[in-house]
Amino acid sequence: QVHLMESGGGQVQPGGSLRLSCAASGLLFRANTMAWFRQMPGKQREVVANITSGGNTNYAESVKGRFTISRDNVRNTVYLHLNYLKAEDTAIYYCNTFLRDRNFWGRGTQVTVSS
């Protein structure tokens with residue numbers, strides 16, 4: 001059974017930074033593309049970034065140059081480094097992978113950017 005667990009959320013002031021972590025189990029982690037999504041209040045979930053098994057990365061335009069996704073295939077963990085945070089980055093952030101024709105999600109971690 002695939003299990004994803006996020007951590008690292010919290011409240012931070014505008015311009016601040018956070019590092020989110022997602023620990024994965026139940027899959028051959030190094031072979032899977034991993035992604036971060038977020039869901040803002042009253043809006044649909046949207047992709048923030050993904051990283052392939054080969055380490056290639058893709059970012060939403062709204063976070064390019066501010067967020068960095070990375071992975072540790074020894075620790076089976078994917079990270080999202082959030083820098084220069086803005087109020088509009090406030091959301092629940094979810095870890096995701098697509099495996100055996102279905103999406104798997106963690107429970108999410110709340111990021112709140114507020115002064």
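Scroll up to find the structure this text is about.
Residues numbered from 1 in each chain as written. Predicted model: local features only at pLDDT ≥ 70, side-chain atom pairs only at ≥ 80, totals over all residues. Heavy atoms only, no water.

Remarks on the pattern of salt bridges
Part 1: Under the definition given, this model contains five salt bridges.
Part 2: Of the charged contacts in the structure, one is a salt bridge between D89 and R38, with a shortest N-O distance of 3.0 Å. On the criterion of sequence distance, the pair formed by D89 in the loop between β8 (77-82) and β9 (91-99) and R38 in strand β4 (residues 34-39) is long-range, its members being 51 residues apart.
Part 3: Here D89 falls in the buried class, since its relative accessible area comes to 1%. (Salt bridge = Lys/Arg side-chain N within 4 Å of Asp/Glu carboxyl O. Helix = DSSP H or I, 4+ residues; strand = E, 2+ residues; numbered from the N terminus. Buried < 20%, exposed > 50% of the residue type's maximum accessible area, 1.4 Å probe, protein only.)

Observations concerning the nonpolar core
Part 1: Formed by 30 residues in total, the largest nonpolar core has its most connected members in W36, V78, L80 and Y93.
Part 2: Listed by contribution, the elements that provide at least two residues to this core are β3 (18-25), β4, β5 (46-51), β7 (67-72), β8, β9 and β11 (109-113). (Core = buried A, V, L, I, M, F, W, Y, C linked by side-chain atoms within 4.5 Å.)

Some points on the packing of aromatic side chains
Part 1: Tallying each qualifying case throughout the model produces two aromatic pairs.
Part 2: Pairing F37 with W105 gives two aromatic rings, centres 4.9 Å apart and planes at 75°, and the pair type is edge-to-face. Linking F37 in strand β4 with W105 in strand β10 (residues 102-105), this pair joins segments that are 68 residues apart in sequence.
Part 3: A relative accessible area of 34% places W105 in the partly exposed class.
Part 4: On the basis of an interplanar angle of 85° and a centroid distance of 6.4 Å, the ring pair of Y94 and W105 is categorised as edge-to-face. Here Y94, found in strand β9, pairs with W105, found in strand β10; they are eleven residues apart in sequence, far enough to count as distant.
Part 5: Taken together through their ring pairs, the aromatic side chains of F37, Y94 and W105 make up a single cluster.
Part 6: Over the aromatic face of Y94 sits the side chain of R45, whose NZ or CZ is 3.7 Å from the ring centroid.
Part 7: Residue placement shows R71 over the ring face of F29; its charged tip is 4.6 Å from the ring centre. (Phe/Tyr/Trp six-rings, centres within 6.5 Å; stacked < 30°, edge-to-face > 60°. Lys NZ or Arg CZ within 6 Å of the ring centre and 35° of its normal.)

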